[in-house]
There are 2 protein chains.
Amino acid sequence: MLRDGKETTSSSELGRLLGFTDAQVRKDLAHFGHFGHPGIGYRCDELAVAIRKILGTDRQWRVALVGVGNLGRALLGYRGFVQHGFRILAAFDADSTLVGSTIGDVTVHDLGQLDEVLAQQRIELALIAVPAERAQEMTDRVIAAGVEGIVNFAPVTLTVPQGVSKVGVDLARELEQVTFALANRLSDEQA
Amino acid sequence: MLRDGKETTSSSELGRLLGFTDAQVRKDLAHFGHFGHPGIGYRCDELAVAIRKILGTDRQWRVALVGVGNLGRALLGYRGFVQHGFRILAAFDADSTLVGSTIGDVTVHDLGQLDEVLAQQRIELALIAVPAERAQEMTDRVIAAGVEGIVNFAPVTLTVPQGVSKVGVDLARELEQVTFALANRLSDEQA
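Colleague: Help me get a handle on the relation of the copies chain B and chain A, residues and values and all.
Modeller: Least-squares fitting of chain B to chain A yields an RMSD of 0.1 Å, with the transformation described by 0.0 Å of translation along the axis and a rotation of 180°. With respect to symmetry, the two chain copies, as superposed, fit the operation of a two-fold axis. The C-alpha atom lying nearest the rotation axis in chain B is that of B:Asn70; the distance is 2.5 Å. A symmetric contact is evident, with 100% of the interface residues of chain B recurring at the interface of chain A.

Laid out in structure tokens, this is it:
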């Protein structure tokens, strides 16, 4: 809406675009504060700022990548991260032929340097893109080095201590959204 | 639960594991049929079969990959797809040095052969892993060739005709789940 120069919007317009009822939009936003203006609705610029603050993307996050295989390289090249304030500042791999190389402007470090580099770069989030059988070990190590948030791309469920945030990215789950719609012959207008 | 040899479960146990109330679990399942048994709860094997049917993963899906860059290669190597019944049967790329090569057991075809190969292999779903500026064109072409479901990894919103199902995979959105939890100091026990 901001890109289109739109100044205000409403719960019903947001609901229509997102596939929710206007009541749900109002309820969800009310959970975080008061963002509307009587007789006006929401100011788009104010609402965008408020949502970024809610999502924690009103600032830059210092990110490290663990595992520089095909998926790791894809993550290093993913432009959407920078747009949302996620800066990948260091990468790590066990493959000695990769260590010391630079991909984009990110240097690949040896796993032996993990603690040192994470501390030096003040890394807050880690993307885990190693094989499933190494994922828990790598997660334990980055958390021990002070990382507070984990995004796990390995097809395994990780355990993290209380206070550390994690999300698992399951690519098959995304495909299931499509097959669900096809199997149930719903017309899926989302995403 | 099946792996652990568990025979029955309940709405409250499912809810606890999933982070929902038992009422929500009952309501969601009731939307699709009657799966419980009075005095027993859910039989795990029956429920697993029922959920696979709901999700459309009780069968094999014939999948093509469009774009064999780093992300495409990562998708070709992703073991979770096969586990969930997604078989990648063909890949396509514009890069003539890749065409004719085989990755895993999938052959990379020239984009010029798209229509022919999709028809011959009876492809139902396409994974779009090309640069953003090519994604809509590739989507239009695979849909014209009969593909019914699109999983888009390019950072752009695609338009598809009614009846075609699509989902956009936004990797930055996954990171936002983590920063949301950190920014709001929630303890996130999910995933």
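Let us keep going from here.
Colleague: I'd like to hear about the pairing of strand S8 (residues 125-128) of chain B, residue by residue, with values.
Modeller: All names here are of chain B. Judged by which residues are buried, S8 turns out to be covered on both faces: Leu 125 and Leu 127 on one side and Ala 126 and Ile 128 on the other are all buried. Alignment of strand S4 (residues 61-66) against S8, held across four bridges, turns out to be parallel. Directly across from Val 66, in S8, lies its bridge partner Ile 128. Across four bridges, S8 lies against strand S9 (residues 149-152) in parallel orientation. Opposite Ile 128, over in S9, you have Asn 152 as the bridge partner. The parallel pair S8 and S9, bridged by helix H7 (residues 132-144), forms a crossover whose chirality is right-handed.

Colleague: Now, about the sheet that holds strand S2 (residues 36-37) of chain A: what can you tell me, with residues and values included?
Modeller: All names here are of chain A. Strand order across the open sheet formed by three strands is S1-S3-S2, with antiparallel pairing between neighbours. The two strands at the open ends of the sheet, each matched to only one other strand, are strand S1 (8-9) and S2. Bridge count between S2 and strand S3 (residues 41-43): two bridges; the pairing is antiparallel. Counted as the bridge partner of His 37 is Gly 41 from S3. On the sheet, helix H3 (residues 44-55) packs against S1, S2 and S3 and is oriented at approximately 75° with respect to S3.

Colleague: Can you break down the pattern of salt bridges residue by residue, with the values?
Modeller: Inspection of every chain in the model, using the stated rule, returns ten salt bridges over all chains. As a salt-bridge pair, A:Lys6 and A:Glu13 come within 3.2 Å of each other at their nearest N and O atoms. Look at A:Lys6 and you get partly exposed, because its relative accessible area is 31%. The residue B:Arg26 makes a salt bridge to B:Asp22 at a minimum N-O spacing of 3.6 Å. Taken together, the positions of B:Arg26 and B:Asp22, both in helix H2 (residues 22-30) and four residues apart, correspond to about one turn of that helix. On the basis of relative accessible area, B:Arg26 is assigned to the partly exposed category, the value being 42%.

Colleague: Go over the interface of chain B and chain A, please, and point to the residues and values.
Modeller: Taken together, the contact between chain B and chain A spans 57 residues of the former and 58 residues of the latter. When chain B packs against chain A, the two sides together hide about 5,000 Å² of surface, and 65% of this comes from carbon and sulfur. Together, B:Tyr78, B:Leu171 and B:Leu175 form the three largest contributors to the area buried by chain B at its contact with chain A, with a combined 12%. Taken together, the connections running from chain B to chain A amount to zero salt bridges. For the pair chain B and chain A, the interface holds eight residue pairs in polar contact (both at pLDDT 80 or more). Every element with two or more residues in the side of chain B that touches chain A is listed here: helix H3 (44-55), helix H4 (70-76), helix H5 (79-83), S8, H7, S9, strand S10 (165-168) and helix H8 (171-183) of chain B. Top contributing element to the side of chain B that touches chain A by residue count: H8(B), with 13 residues. In terms of residue class, the side of chain B that touches chain A is made up of 29 nonpolar, 15 polar and 13 charged.

Colleague: Lay out H3(B) in plain terms, naming residues and giving numbers.
Modeller: Spacing of three or four residues puts side chains on the same side of an α-helix, whose turn is 3.6 residues. Given a rise of 1.5 Å per residue, twelve residues ought to cover 16 Å, and the 16 Å separating the end C-alpha atoms of H3(B) matches this to within 8%. Within H3(B), burial applies to B:Cys44, B:Leu47, B:Ala48, B:Ala50 and B:Ile54. The buried side chains of H3(B) occupy one side of the element, clustering within an arc of 165° when seen end-on. Exposed side chains of H3(B) directed beyond 90 degrees from the buried face belong to B:Val49 and B:Lys53. Buried-residue contacts for H3(B) involve helix H8 (171-183) of chain A together with strand S1 (8-9), helix H1 (11-18), H2 and strand S3 (41-43) of chain B.

Thresholds, definitions, all that
- Residues numbered from 1 in each chain as written.
- Chains lettered and ligands numbered in written order.
- Predicted model: local features only at pLDDT ≥ 70, side-chain atom pairs only at ≥ 80, totals over all residues.
- Heavy atoms only, no water.
- Least-squares fit on C-alpha atoms with pLDDT ≥ 70 in both.
- Contact = heavy atoms within 4.5 Å.
- Buried < 20%, exposed > 50% of the residue type's maximum accessible area, 1.4 Å probe, protein only.
- Helix = DSSP H or I, 4+ residues; strand = E, 2+ residues; numbered from the N terminus.
- Pairing = 2+ DSSP bridges.
- Right-handed = clockwise from strand over helix to strand, strands pointing away.
- Axes fitted to C-alpha atoms, helices over the stretch in contact; angles between N-to-C directions.
- Salt bridge = Lys/Arg side-chain N within 4 Å of Asp/Glu carboxyl O.
- Buried area = accessible area lost by both parts, 1.4 Å probe.
- Polar contact = N/O pair within 3.5 Å; in protein donor to acceptor, adjacent residues only side chain to side chain.
- Nonpolar A, V, L, I, M, F, W, Y, C, P; charged D, E, K, R; others polar.
- Expected span 1.5 Å × (residues − 1).
- Arc of directions from axis to C-beta.

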